[in-house]
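Summary of the model geometry
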Amino acid sequence: MAESKLDTIVKREYLERVKSKWFLIGTLLGPLFMGLMLFLPAIMGERERRSESGTIRVVDATPDSVGMLVVRSLRGGVAGDESRAEWRMAGNSVDVRTAENEAERDVVQGSIVGYLLLDQQGLESGRVRYSGRNTTALVTMQQIEGAVTRAALTRQLEASGIEPERSGALAGMRMRVDTERLSASGRGGSGRVSVLFAIGVAVTLYLTIFMHGSNVMRGVLEEKQTRVAEVVLSSVPSDTLLFGKVLGIGAVGFTQLIVWTIVSTGILAVRAPLLALINVRAQAFELPELSIALAVIIVLSFVLGFLFYAALFAGVGAIVNTEQDAQQAQLPVVLLLVMSLAMVQGIITNPEGGLATLMTLLPFSSPIILPIRLSLTTVPQSESMASLAILLVSSIAATFVASRLYRTGVLMYGKRPTLREMWRWMRTK
Amino acid sequence: MAVRDLSLTVPRGTVYGLLGPNGAGKTTTIRMLMNSIAPDSGTIAVLGMPSSSASINDRVGYLPEERGLYRKMRVRDVLHFLGRLKSVPKSELPARIDKWLERFQLRGRGGEDWGAARVDELSRGMQQKVQFIGALLHEPELVILDEPFSGLDPVNAQALKDTVLEIRQQGRTVVLSTHVMDNAERMCDAVCIIARGEKVLDGAVSAVREAYAARIVNLTFESAPNDTVKNVLQDGSLVARINDMNRRVEVELTDDGDAQALLARVIAAGARVERFEVVRPSLHRIFLEKVGAHDVEADMSGHG
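On a predicted model such as this, the values are computed, not experimentally measured, just so you know. (Residues numbered from 1 in each chain as written. Chains lettered and ligands numbered in written order. Predicted model: local features only at pLDDT ≥ 70, side-chain atom pairs only at ≥ 80, totals over all residues.)

1. Topic: the overall build of chain B
Counting secondary structure elements, chain B contains 11 helices and 12 strands. Along the three orthogonal principal directions, the C-alpha set of chain B runs to about 80 × 50 × 35 Å. Expressed as a percentage of the 304 residues in chain B, the buried residues total 38%. Long-range contacts, defined here as pairs at least 24 residues apart, represent 70% of the contacts in chain B between residues at least 6 apart. (Helix = DSSP H or I, 4+ residues; strand = E, 2+ residues; numbered from the N terminus. Buried ≥ 20, exposed ≤ 12 C-beta atoms within 10 Å, placed from the backbone. Contact = placed C-beta atoms within 7 Å.)

Shown next as structure tokens:
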């Protein structure tokens, strides 16, 4: 009988929320956001590549026309895109000054985006100067640097007696480093993707725990403000009401997570073909191999983390009377959550450090930090287990405290209780 | 301390009134009955069980003083929820809900159906009716109504009274708190008056009134009474207090004083009596007398 009443409460909490338009919006916005994250960078990148129409002028004061090579390299070959770079000869220092003034004027007027000044002295010292409007375009700057380096190298090779064609080929040789993540469970995924995945998981866990945890608080507060709690409590014990609420809202969060996962996986699957359709080259985006163990731990982290924070939020809801009160009183709880998220960057750069281990064990941060570390590196199994066990025990303790506060607080209207009063609520049987 | 040394017995199958000014401890008493709060000492038995036992939940219906429902829910869904919490079988709920909605004019002839509306679209009075329905859906053996009349218009107050009396006719028990004595006097079989957390008096309404009956006598003379008559009226063995309004006199008798003896003596003293009435005091009057007008006036202007 008690089970069926709990069931009734869980159902109401779940259905009333899932039926609301906010759930629909939230559930749709998640994948939309995810989609934008996956598509936008590729599309923007492509657009940037195409819209780089500004011409770069190479003012060449070198005796052996190194600038010519630079221009050719920037254009992407002998018959490359001529609008990309142009060559200006500057024979002597007077010429250089005139050419520079002219280039400066052209930059300001907008006919070129910038100019590169090449002279013998600069090449020998290894420093040349580029002035222009687009100095923050890092990719372009890297291209210029590469082009100058190759050109200078070509000329030096030629000077040491290697035939020009061979010099060009030697200097143009490029090496690329592919990264691969290596862990106890095997090889898989590149490091960069792991980080993206880890951040995605962290943010998703943070958002769902935060959103639905504070929904528990709002639910408790609503029942308190509308006084409906008194009616419900005439039918069920306060523990049943509290657990029903937490379970129902947790199920809402879980539903949302599942929808997000399914939709995101779907988007990921069609991403490359879709991008190809609109003629954008897509960089391969592979998920790190998601082992069953990791999946289970992510789910457990959500469930336990939600329970932990839901209990804290419920306790806050039970001791406040108005939304404004709630905003203030929830601050410590919110800070704990935000702090966990703020640590993510530090954890990513050093997933095996002491801070990482500490944050994995502390119950307020472990539901976010443990999945991150697991997707970045290998966490000793004993540590994972300890982390989950501590979280479980803390959730139970928090739930116990919350149910004590709730039992008394939910029927208390008027002023907020003092710490001493709350302590008394907790001790009364 | 809200309630002190309160002891009362509610007979089954009666309407029992808990009377008292605001702050007297009515709601505290009811909350203890509902096991929302625990008494510091003493025991409470509801339907023969300890009030803390979960098994009585489904046999009791409760309308708290502070009313409220889930604002965003549809009325029918709220009632379904409340009914399920009282273990009413799912299959029976729709018919029961419709019956009650019709009874309280929330669903009717013009095709209007507030059952489909959201709670916050209803007026306060309507919400109160919905909550009242919620307390009765499971046909409880014991119905506890905390200030059920506050906020109801006369039409709905009448519907509520009819329902309460019907519940009583079915042999079920109603405990209601109110500070409107008129309602209590007309509906209750027995009452308990409390003030400042303590019981002032309790018992069957008729017995309470009987206890105070024949204490007050109203006399109207044809002309202002002469001195001999006045002497009789001031006889301390017969009259405890007199309220002299010239031709009309209100007399409160002493404990041994007899109204008929008083009448005989004033006539013997030569008075011509136009009207003689032994007043059976209203609950309102008893209430004022026992609780003190001072306490009540402040309260009566409050609400209700």
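Now that the structure has been shown, the text picks up again.
2. Some words on the overall build of chain A
When helices and strands are counted, chain A shows 18 helices and six strands. Looking at the 429 residues of chain A, the share that counts as buried comes to 36%. Residue pairs in contact within chain A that sit at least 24 positions apart in sequence constitute 72% of those at least 6 positions apart.

3. Describing the sheet that holds strand 3 (residues 114–118) of chain A
Residue and element names in this part refer to chain A. Here four strands make up an open sheet; going across it, the order is 2-1-3-4 and the pairing mixed. Of all strands in the sheet, those with a lone pairing partner are strand 2 (85–89) and strand 4 (129–132), marking the two edges. Pairwise comparison of adjacent strand axes, ignoring direction, gives a mean angle of 20 degrees for this sheet. Where strand 3 lies against strand 4, four bridges are found, and the strand directions are antiparallel. Pairing of Y115 across the sheet is with S131, part of strand 4. (Pairing = 2+ DSSP bridges. Axes fitted to C-alpha atoms, helices over the stretch in contact; angles between N-to-C directions.)

4. What about the environment of A:Q121?
Residue and element names in this part refer to chain A. Topologically, Q121 is positioned in helix 5 (residues 120–125). Q121 sits in the exposed class, given 10 other C-beta atoms within 10 Å. In this structure the C-alpha to C-alpha distance between Q121 and T62, which are 59 residues apart in sequence, comes to 8.7 Å.

5. A closer look at the pairing of strand 11 (residues 248–253) of chain B
As a general feature of sheets, a regular strand has side chains that alternate between the two faces. Residue and element names in this part refer to chain B. Where strand 9 (residues 216–221) lies against strand 11, five bridges are found, and the strand directions are antiparallel. Residue pairing in the sheet places I216 in a bridge with E252 of strand 11. Where strand 10 (residues 239–245) meets strand 11, six bridges bridge the pair, whose relative direction is antiparallel. Counterpart to M245 in the pairing with strand 11 is R248. Between strand 10 and the antiparallel strand that follows it, strand 11, lie two residues; N246 among them carries a positive phi value of about 65 degrees.

6. Some thoughts on the interface of chain A and chain B
It is common to give the size of an interface as the accessible area lost on bringing the parts into contact. With 17 residues of chain A at the interface, the matching set in chain B holds 22 residues. Looking at the side of chain A that touches chain B, the elements that each hand over two or more residues are helix 1 (2–18) and helix 9 (228–233) of chain A. Of all the elements, helix 9 of chain A adds the most residues to the side of chain A that touches chain B, at five residues. When its residues are assigned to classes, the side of chain A that touches chain B shows eight nonpolar, four polar and five charged. (Nonpolar A, V, L, I, M, F, W, Y, C, P; charged D, E, K, R; others polar.)

7. With respect to the confidence of the model for chain B
Residues and elements named next belong to chain B. Residue-level pLDDT values for chain B average 84, and 94% of them are 70 or greater. Between the elements of chain B, mean pLDDT differs from a low of 48, seen in helix 11 (residues 293–300), to a high of 94, seen in helix 2 (residues 75–85). Between residues 296–304, whose pLDDT stays under 50, and residues either more than four places distant or in other chains, the model counts 14 contacts. The ipTM for the predicted assembly is 0.76, set against a pTM of 0.73. (pLDDT = per-residue confidence, 0-100.)

8. Focus on helix 7 (residues 164–171) of chain A
Residues and elements named next belong to chain A. Considered for burial, the residues of helix 7 that qualify are S167, G168 and A171. Along the long axis of helix 7, the arc covered by the buried residues comes to 100 degrees, so they all point the same way. Facing away from the buried side of helix 7 by over 90 degrees, the exposed positions are E165, R166 and A169. On its buried side, helix 7 packs onto helix 6 (138–159). (Arc of directions from axis to C-beta.)

9. A short note on the sheet that holds strand 5 (residues 142–146) of chain B
Residue and element names in this part refer to chain B. Here six strands make up an open sheet; going across it, the order is 4-5-6-1-7-8 and the pairing mixed. Only two strands of the sheet have a single partner each, and these edge strands are strand 4 (60–63) and strand 8 (198–204). Along the sheet, successive strands turn relative to each other by an average axial angle of 15 degrees, direction set aside. When strand 1 (residues 15–19) meets strand 6 (residues 173–178), the two strands line up parallel, connected through five bridges. Considered in strand 6, the bridge of L19 is made with T178. Strands strand 4 and strand 5 of the sheet are contacted by helix 4 (residues 124–136), whose axis makes an angle of about 165 degrees with strand 4. Taken strand by strand, helix 7 (residues 205–212) contacts strand 7 (190–195) and strand 8, and its axis lies near 105 degrees from that of strand 8.

10. Quick look at unusual backbone geometry
Residues and elements named next belong to chain B. A positive phi angle, near 45 degrees, is found at E139, a position not held by glycine. Inspection of the secondary structure assignment puts E139 in the loop between helix 4 and strand 5. The backbone of E147 shows a phi angle near 50 degrees, a positive value even though the residue is not glycine. Position of E147 relative to the elements: it lies in the loop between strand 5 and helix 5 (154–169). Assessed through the 23 C-beta atoms surrounding it within 10 Å, E147 is described here as buried.

11. Comments concerning the environment of B:R103
For B:R103, the position within the fold is in helix 3 (residues 93–103). Linking B:R103 and B:R186, residues 83 residues apart in sequence, is a C-alpha distance of 22 Å.

12. Description of the environment of A:F400
Residues and elements named next belong to chain A. Relative to the helices and strands, F400 is located in helix 17 (residues 381–409). Under the C-beta neighbour-count criterion, F400 is labelled partly exposed, with 13 such atoms within 10 Å. Sequence separation between F400 and G250 is 150 residues; the distance between their C-alpha atoms is 17 Å.

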